[in-house]
Every structure is written in C-alpha cells, then in structure tokens.
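# Chains, contacts and geometry: an overview
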Amino acid sequence: MSLIDTARQVRENAHAPYSKFKVGAALRGVSGTVYAGCNVENVAYPEGTCAEAGAIAAMVAGGDTEIAEIAVIADSPKPISPCGGCRQKIAEFAKGDVKVTLTTVDGVTLETTVADLLPGVFDADYMSRV
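Below or above, wherever it landed, is the structure these notes cover. In this numbering scheme, every chain counts its residues from 1 along its sequence in written order. The predicted nature of this model means local features are confined to residues of pLDDT at least 70 and side-chain atom pairs, given and counted, to a pLDDT of 80 or more, with totals for whole chains, interfaces and linings taken over all residues. Remark: hydrogens and water are excluded; side-chain values derive from all non-hydrogen atoms of the structure.

Another point: helix α1 (residues 3-11). Think of it in three bands: residues with accessible area under 20% of the maximum for their type are buried, residues over 50% are exposed, and the middle band is partly exposed, with areas taken using a 1.4 Å probe on protein chains only. Labels follow the DSSP assignment, with helices taken as runs of H or I lasting at least four residues and strands as runs of E lasting at least two, numbered in each case from the N terminus. Those residues of α1 that sit buried are L3, T6, A7, V10 and R11. Angularly, the buried residues of α1 cover 135 degrees about the axis, an arc narrow enough to put them on a single face. Buried residues in α1 make contact with β1 (23-29), β2 (34-38) and β3 (67-74). Think of the arc as the fan of directions from the helix axis to the C-beta atoms. Pairs of residues are marked as contacts when any of their non-hydrogen atoms sit within 4.5 Å.

Structure below.
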C-alpha cells in the first residue's frame, strides 16, 4: 500500500466533529516502517492534534527517529499543506531533501521537499551555544 493510500485510509478515522475537515498523514521511517495519523479535534479547539503530528508521534513511539518520506491528504480544492507547526515538526525528523507528497481526495497532487515547505528552518544549529 502506498503512503497516499495509507493516509487516505487513516483519514477516515479522523475525529473532526467541529471543522468537518478530515486530514490523514502517513510517513515512512528510514527503517521502512509506515506510520499513520489523522487529525483529532477537541471542543477546546486549539487543543487538537494534526494528522502529521499524530504520524510523527506514532513513528517515535515505534522506535524510529527519522522520516524518509511523508504524504498528507484532505478533501480540499488544492493539495493540502501542513500548518506551520507541523512543518517544524516534520523538519525535526526529516532532512531537507525528503519528499513530501500533498494531495486531495480527488487525486490532485503536489510533490515537494521539507526544505521547500520550510525555508529558513529553525534547527538544532541555533542551539549550538547552549
């Protein structure tokens, strides 16, 4: 099963009773294992979890620490893009040249990289004097 297929499947499990905007994400760790996540909303709206963050948490819980590839899907008119916080979370666990596939449920797809999603990333180099 492709990452997009996995993301599409897990998207159906999203808990989005407030926005009705279901998002699915799937990533492959460098080990080859695939991890998935969906958005989980909360009535205290800013306390929800994005699909990308859920997939990353599953990856870390599974013992992987590096993303080899990631895909995100939603029912949107153009390919879904991770929020700023998720872009930073992805960059924490992926090299700049890692492939990011953003897609709609209708199959409109955009392939990009982590570096293109988050130019000027805040990374561990900034902490080198600490």
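This is not the end of the story, as more comes after the structure.
Below, the discussion takes up the packing of helix α2 (residues 51-61) against helix α3 (residues 84-93). Orientation is described by lines fitted to C-alpha atoms, with helices fitted over the stretch in contact, and by angles between N-to-C directions that extend from 0 to 180 degrees. At a minimum axis separation of 9 Å, α2 and α3 run at an interaxial angle of 25 degrees. It follows that α2 is roughly parallel to α3 by the angle criterion. For the crossing formed where α2 meets α3, the hand is left-handed. Packed against α2, whose contacting residues are E52, A53, I56, M59 and V60, the element α3 presents C86, K89, I90 and F93 at the interface. A class-by-class count of the residues in the contact of α2 with α3 yields seven nonpolar, no polar and two charged. By the definition adopted for this analysis, an angle is roughly parallel if under 35 degrees, roughly antiparallel if over 145, roughly perpendicular if from 65 to 115, and oblique otherwise. Left-handed is the label given to a crossing in which the near helix is rotated counterclockwise from the far helix by less than a right angle, and right-handed is the label when the rotation is clockwise. Any residue outside Ala, Val, Leu, Ile, Met, Phe, Trp, Tyr, Cys, Pro, Asp, Glu, Lys and Arg is labelled polar, Gly included; the first ten of those are nonpolar and the last four are charged.

The biggest cluster of nonpolar side chains holds 22 residues, and the ones touching the most others in it are L27, I67, I90 and V114. Mapped onto this core, the elements with two or more residues apiece are β1, α2, β3, α3, β4 (99-104) and α4 (114-117). Here the nonpolar core consists of buried residues drawn from Ala, Val, Leu, Ile, Met, Phe, Trp, Tyr and Cys, with membership extended through side-chain atoms lying within 4.5 Å.

Moving on to the pattern of salt bridges. Should their charged atoms come close, side chains of opposite charge can pair. Only one rule defines a salt bridge in this text: a Lys or Arg side-chain nitrogen within 4 Å of an Asp or Glu carboxyl oxygen. One pass over the structure, following the stated rule, counts four salt bridges. E66 serves as the salt-bridge partner of K95, at 3.0 Å between the closest nitrogen and oxygen. Linking K95 in the loop between α3 and β4 with E66 in the loop between α2 and β3, this pair joins segments that are 29 residues apart in sequence. Put simply, E111 and K99 hold a salt bridge, and the shortest N to O gap is 3.5 Å. Pair noted here: E111 is in strand β5 (residues 109-113) and K99 is in strand β4, with a separation of twelve residues, a long-range link. The class of E111 is exposed, set by a relative accessible area of 53%.

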